[in-house]
Structure formats: structure tokens, C-alpha cells
Amino acid sequence: NIIFDSIIKTKRKEKTKTMLHLLENDSNPRSKQGLMVINYLEEIKVDVEEDTLLLDSGISKSVIDTLVKNGFVSRYEVDINPKEDIIDVVDKEVSLNEYQLDCYKKMDLRQRKIYLLHGVTGSGKTEVYMRWIKDSIDSGKKALMLVPEISLTPQITSLFYARFKENIAVLHSRLSMVEKYNEYKRILNGDVKIVVGARSAIFAPLDNLGIIIIDECHETSYKQTNNPKYDAIELAKLRSITYNCPLVLGSATPDVKDYYKAINGEYELLTLPVRANGNELPKSYVVDMREELKNNKTPISKLLKESLIECYNKKEQAILFLNRRGYNTFVQCRSCGSVVKCPHCDVSLTYHSKTNTLKCHYCGFTRPNVSICDTCKSDKIRFVGTGTEKIYEAVKNILPEARVLRVDMDTVSKIDDYKRFYDAFKNKDADILVGTQMITKGLDFENVTLVGVLNADLALHYPTFDANQVAFNLIEQVSGRAGRANLAGKVIIQTYDPNHYVIKASVNHDYDGFYKKEILFRQASLMPPFSEVVNIEVSSENKRMALEEANRIVFALKQEAKKSIILGPTEAYLFKKNDMYHYNISIQALEDKVLDKILYLYPLYQDNNLVNVSIKRS
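Each value, and the rule that gives it
- Residues numbered from 1 in each chain as written.
- Predicted model: local features only at pLDDT ≥ 70, side-chain atom pairs only at ≥ 80, totals over all residues.
- Heavy atoms only, no water.
- Helix = DSSP H or I, 4+ residues; strand = E, 2+ residues; numbered from the N terminus.
- Buried < 20%, exposed > 50% of the residue type's maximum accessible area, 1.4 Å probe, protein only.
- Contact = heavy atoms within 4.5 Å.
- Areas by Shrake-Rupley, 256 points an atom, 1.4 Å probe, with all protein chains shown as cover.
- pLDDT = per-residue confidence, 0-100.
- Pairing = 2+ DSSP bridges.
- Axes fitted to C-alpha atoms, helices over the stretch in contact; angles between N-to-C directions.
- Parallel < 35°, antiparallel > 145°, perpendicular 65-115°, else oblique.
- Left-handed = near helix turned anticlockwise from the far one by under 90°.
- Phe/Tyr/Trp six-rings, centres within 6.5 Å; stacked < 30°, edge-to-face > 60°.
- Arc of directions from axis to C-beta.
- Core = buried A, V, L, I, M, F, W, Y, C linked by side-chain atoms within 4.5 Å.
- Polar contact = N/O pair within 3.5 Å; in protein donor to acceptor, adjacent residues only side chain to side chain.
- Salt bridge = Lys/Arg side-chain N within 4 Å of Asp/Glu carboxyl O.

Student: I tried to follow the overall build of the chain on my own but got confused; where do I start?
Tutor: Each helix and strand counted, the chain has 18 helices and 27 strands in total. Here the chain holds 618 residues, and 51% of them are scored as buried. Intrachain contacts of the chain at a sequence separation of at least 6 include 75% that bridge at least 24 residues. For the chain, the accessible area works out to roughly 29700 Å², and carbon and sulfur atoms hold 50% of it.

As C-alpha cells, then:
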């Protein structure tokens, strides 16, 4: 056996760590490494510690220095406090209800098996997780639990610290290099038996694993799309084989593929159909916006407005969800019909009223708002669509005295911003929370009784095979924020398509009904789980070269994967992004090991380093 260890010659007593924050900049870095850093920061959407980025990427500090000098990123110092995110939680002795007890008893820690724990929002999945983990530790083994996003880590780890004291290590990207080193040494030395963290915690050097738990397993954030690319859930399956231990996938809205496997016996299905406190799931109401707009031109329906006022007067809290930031979606000329677009991306610019600017949400390009059309010079400029900024303003018009928080990528620019918003709402220092997807999951506020879904159709018509599943997940997850304590919850869903099966299933919190409809669609179209979809994206600054490379890939694939359905190349949904042209190739793999063939073949016929190729499995 080869054992790797490190020796710190001088003990470091750092009190601060240097963080990197992405700035708005109309241009792109000249160096390839600089562009890689910018793309990485845009993708993860949080600030990172400079030492961690340098170590993980292998780039030199001079690259960061150049980015700072040219205004692409900024540096700032933060104090190091390993437990700064831990919330003061008292570990309460909780009795399991009959469904929790049934799920708990069905776990067999002695053998490898994959369990799908399907529990409605607020059903007490975390308590069951902790009981399983305690049993694993009592038997002399260790436990690993993954959560999807850093924003959920403080809440989960606070509960674990309260229950298991110092017998836990936490791993996520917010830790400094010294903190990571110390946590890894504690794990290697056997000082802790539980590791909780985001997707990278799957690499934690735990031995003698007794159980692995993936919470909110439907989340796409378990897949890392930048190098090194990996799927934490697939790696968890490999680790469960290595240690012959059970793997638990938990979710209120499991992936259709996972539920299909559970229904057909490949996984064992465990169900928590009711909330742990015995409360009913929030009652949902649908507003048909086609009818609403006949008498009301505002983005907030009459029913939602009345409910907001009632909620505020009762001193209860409300959450309004719209998965689109900004004030207006796009700016259009009423004379010639042209839309103001980003010069670097094939997408319209979004208007932000606070700064009176137009911004691209893909590359960050920003320009002043227009009053004259660039094409026909008309002054008939129209603002179209609604974003979270506009909703915030509409709420303030309804309830001027209400304390309203807006949480999206424009307001949460630094990693501490999210915690500040969370603490303010948790402590009832705000009445209404308006936000995008980042507020749909993991939040547990006892005083929230009203949730409004402003445009439930946004995700429904996205051009992917799993758009309906994504839409259902978003609506159901945000609906689950209401009525989690002793107060009844109410959900208002605004939609232009009230008869869509996703909307009907969401209103009734009916995952099974959604699944039965969705699986028929998947089967008819030979989509997962009836095939494996592999997407290949070919991009280049040269449009002709990108298309030629894409055609070469399709030709090679058709020779090797003759039983599969190969579509493309076609222009990507966002054809031009950051001055790069993108083509998509989609493979519906109906035979074994097609992905292995693709990964093996591509280096053999790639002869152009001016073209980027990305391969992603569904």
C-alpha cells in the first residue's frame, strides 16, 4: 500500500482568507486561463477562496493578478471561523410517526442496496436519516451524507452538530485551505465518523462506510459540469459497492428515472406520505392568467393580492417565487419589432430598473438603457415581461409598509449575502420574500403560511425532454415552504395553462399522478428511463469550424452506434454565447455502452484544438 501524507513545516494560524468575486465587465480576458476562471465563476455563481481555486485549477497566481488588474474579479478578505454558519439548534427528542418508523425499520445496514426515500415536504426525512446514521455508528461504521447546495449545508449541519456533537466533519467550497486540511486530517485520523457536505464530499477519505445518504437527490447540482466532470450520485453508487453498504436517495420529487427503478424493484421504495407534525399539506389554488388579464394588467393576481394583505395583517410571512430576475424580460421597439440583444450572445438583454441598464444574464455584458431604437431610430420603446425586481416593486405598491426581501443572483452576489437574507427572514425581520430558484428548497420557516408561484409556465416550455419534471419539482418544492409548523399553508399558482397535467398534479401535491402521465410520454418518445440520452455540444469562435467538427462526430457515431437514434447537429438553444457558436448533437442510446464508445472514439478523430467538445449524459 502507498500512503500519501503531507507535513506542514510551519503551522499556519490564518485569521482571514482571500475570496474572489466576479465583477461585471463588457469584455473578455485575453488569456485562455483567464477566460477559464471567468467561466468557472459564472457557472458556480458564488465567490471562491483564491487558494482553493489556484490549487484545484493549477493556474498561476499571476493569472488572478491580471484579472484583478483588468477589472474582471475583485479580492476581499473574510475572517476564518470554522463554525460561523452553525445555527443554534436544540436537539429535541422526536417520536417517529408510523410512516417514519416503518421506513426506519426497513433499512438493512448489513448489505448493499439502493433505497429511494420518497417523502413529501416536511415529512421528517432528516430525522430518519439521523436514526440510520446513529445505528451505523453504533455498529462501528461511518456515514456520509450529501446535500445539493451550500445554502442548505448550515441548516443540515446545525441539526447534526446538535445530535452528534463533535463527531462530524463538514466539507464544502466555503472552507479555507487550512480548514479543508484540518477536516481531511480529522477524517483520515479517524477522529470523526460522520461527513456532511456538498457534492465534492463524495471524495471524503472515509473508510468502513456503513451508509451513504444523498438528500434532495433530484437536484442537478450533484453533477459537476466543469473539469473535472463527475456525477456525485454515480460515485456514491461505486462507493456503496466498495463498502457493501446501503445508499439512500431522498427526495419529495424524485427523478422519474429513479422512481421507475423503485417501482420496478431495482431500488427499494420507502414512502413518507404525510408531514411529520401531522399537518396537512398546504391547500393550493390556481389562477388562470388568461382570464385574470382581462381585468388586471399587473403581475400579481387579485387572489394573490388579497392573500398577501391577509397574510401581512395576521403577522405571518409569505414567499413569492418567479424564476426570472430583473425588472423586464426584454426591450422591444414597437415600430420595427426589433429586440435589444447582447452582441456576444444570441439572447435578449434584460432591463434592470435599479441601475437603469440592460444586462445579459449569460456573459454579463451590460449597456445603458435605450430610449431610441438602434435599428430604425424610433422612440417607441416597450418593456416586455416580468422579473423579480418588478415583482418586488409590485409588492411594495400593494403593501408599502411591508418589509420585503429580494433574493436572486443580482442581490446575492457574495456567499455571505444568502446567510444574511436567511437570518433576516428566519428572525422575522422581513414579511415577504421574493426570489428565484434559490428560495425553492431547503428553507424551513415556521411562520410562512403563503406561497405564490407567479408564472408556473416558465419551466414547462424549455426545450429539454425533462422540462415537465423540472417544472413540477420547482412548483412542488416551493409550495412545500408553506405551513411547515402549526399554521395552515396556502399556495397560489398563476398559470396560462391551468389544464396542463403538471399544474393539476402540483395543485394536488400528487407526485404519483404526475409520474403516471410523465412515464407514458417518456415511453412513447423513447426518452429516459427507456433510453440513455447523451448530449454533445461543439463550440468554437469560428461558426464554420464548429459545424464541420459536429458533422465529423455525427458521421463517426453513425458508424459505431447503429442501433441508437442520433439527432443533429443542430444550433443550440442559445446558439451564440460569449462570442462562441454552439451546435448540439443528441443521442438516444438504445444499446449498451454507447457512452463508452463516444468517450473512446472522440480523441481518435479530433484533430482541431480550436473547437471545444463537451459530452453530457442525462
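Once you've had a look at it, read on.
Student: What should I look at first to understand the confidence of the model for the chain in this one?
Tutor: In low-pLDDT segments, the atomic positions of the prediction should not be examined closely. Here the chain averages 84 in pLDDT, and 87% of its residues register 70 or above. Every residue in residues 1–13 is under pLDDT 50, and counting partners more than four places away or in other chains gives five contacts.

Student: In this structure, what is going on with the sheet that holds strand E26 (residues 580–589)? I would like to understand it.
Tutor: Each strand in a sheet pairs with another by means of backbone hydrogen bonds, the pair being arranged parallel or else antiparallel. Ordered by their spatial adjacency, four strands build an open sheet running E25-E26-E24-E27, and the pairing between neighbours is antiparallel. Each edge of the open sheet carries a strand with a single partner, namely strand E25 (565–577) and strand E27 (612–617). Between one strand axis and the next, the sheet turns through 20 degrees on average, direction left out of account. Examined bridge by bridge, strand E24 (residues 532–540) and E27 share six bridges and lie antiparallel to one another. The residue of E27 that forms the bridge with Asn-535 is Lys-616.

Student: Explain the packing of helix H4 (residues 98–106) against helix H5 (residues 125–138) to me, please; I cannot follow it from the model alone.
Tutor: Each pair of packed helices can be summarised by the angle the axes make with each other and by the distance between the axes. Close contact between H4 and H5 brings their axes to 10 Å; oriented N to C, the two are set at 30 degrees. Relative to H5, H4 is oriented roughly parallel. Every pair of crossing elements has a handedness; the one defined by H4 and H5 is right-handed. Together, Gln-100, Cys-103 and Tyr-104 of H4 and Glu-127, Val-128, Arg-131, Trp-132 and Asp-135 of H5 make up the contact between the two elements.

Student: I tried to follow the packing of aromatic side chains on my own but got confused; where do I start?
Tutor: Geometrically, a pair of aromatic rings is defined through the distance of the ring centres and the angle of the planes. Tallied over the full model, the rule gives 13 aromatic pairs. Consider the rings of Tyr-511 and Tyr-515, whose centres lie 6.5 Å apart with planes at 20 degrees: the pair is stacked. One end of the pair, Tyr-511, and the other, Tyr-515, are both in helix H16 (residues 511–524), four residues apart, so they sit about a helical turn from each other. Considered together, Tyr-511 and Tyr-515 belong to a single accessibility category, that of buried residues. Cluster of aromatic residues (ring-pair linked, three or more members): Tyr-259, Phe-472, Tyr-501, Tyr-511, Phe-514 and Tyr-515.

Student: What is the right way to look at unusual backbone geometry in this model?
Tutor: If a residue is not glycine, its phi is most likely negative; likewise, a peptide bond is most likely trans. With an omega dihedral of 15 degrees, the bond running from Pro-528 to Pro-529 counts as a cis peptide bond. Note that Pro-529 resides in the loop between H16 and E24. At the junction of Gly-568 and Pro-569, the peptide bond is cis and its omega measures out at 5 degrees in the coordinates. Considering the arrangement of structural elements, one finds Pro-569 in strand E25. Positive phi is not limited to glycine here, since Asn-244 has a value of about 50 degrees. Tracing the sequence through the fold places Asn-244 in the loop between helix H8 (232–243) and strand E11 (247–251). Backbone geometry places His-509, a non-glycine residue, at a positive phi of 50 degrees.

Student: Sorry if this is basic, but what is going on with helix H3 (residues 61–69) here?
Tutor: Think of an α-helix as 3.6 residues a turn; residues three or four steps apart then line up on the same face. Where H3 is concerned, the buried positions are Val-63, Ile-64 and Leu-67. The arc that holds the buried residues of H3, viewed along the axis, is 95 degrees, so those residues lie on one side. Trailing H3 by a residue or two, Gly-71 shows a phi angle of about 80 degrees, which is positive.

Student: Help me understand the environment of Leu-270, please; the structure alone is not making it clear to me.
Tutor: Mapped onto the fold, Leu-270 is located in strand E12 (residues 268–272). For the pair Leu-270 and Tyr-115, spaced 155 residues apart in sequence, the C-alpha separation works out to 7.0 Å. Ignoring any residue separated from it by four or fewer positions in sequence, one finds Leu-270 in contact with Cys-103, Lys-106, Tyr-115, Leu-116, Leu-117, His-118 and Trp-132.

Student: So what exactly am I meant to see when it comes to the sheet that holds strand E16 (residues 350–352) here?
Tutor: One open sheet accounts for three strands, arranged E16-E17-E18; its pairing is antiparallel. Bordering the open sheet on either side are E16 and strand E18 (366–368), each of which pairs with just one other strand. The sheet shows a mean angle of 30 degrees between the axes of neighbouring strands, direction not considered.

Student: How do you make sense of the nonpolar core when you look at a structure like this?
Tutor: Leu-144, Val-195, Ile-214 and Leu-249 are the most contacted members of the largest nonpolar core, which totals 65 residues. Not counting residues up to four positions away in its chain, the partners in contact with Leu-249 are Ile-114, Tyr-115, Leu-116, Leu-117, Ile-214, Cys-217, Ile-233, Asp-258 and Tyr-267. With 26 residues, the next largest nonpolar core counts Cys-103, Met-130, Trp-132 and Ile-156 among its residues.

Student: Hey, could you run me through the side chain of Thr-366 in this one?
Tutor: Considering the arrangement of structural elements, one finds Thr-366 in strand E18. Among the polar contacts listed, one links the side chain of Thr-366 to the side chain of Glu-24, at a separation of 3.4 Å. Not counting chain neighbours up to four residues away, the residues in contact with Thr-366 comprise Glu-24, Asp-26, Thr-357, Leu-358 and Lys-359.

Student: Got a minute to help me understand the pattern of salt bridges in this structure?
Tutor: Note on pairing: side chains with opposite charge can pair once their charged atoms come close. What the rule picks out here adds up to 21 salt bridges. With a closest N to O distance of 2.9 Å, Lys-113 and Glu-268 form a salt bridge. With Lys-113 in the loop between H4 and strand E4 (114–119) and Glu-268 in strand E12, the pair connects residues that are 155 residues apart, well separated along the chain. Its salt-bridge partner being Glu-234, residue Lys-237 comes within 3.4 Å of it at the nearest N-O pair. Highlighted residues: Lys-237 and Glu-234, both in helix H8, separated by three residues, approximately one helical turn. Sharing partners across several salt bridges, the network here consists of Glu-50, Lys-61, Asp-65 and Arg-75.

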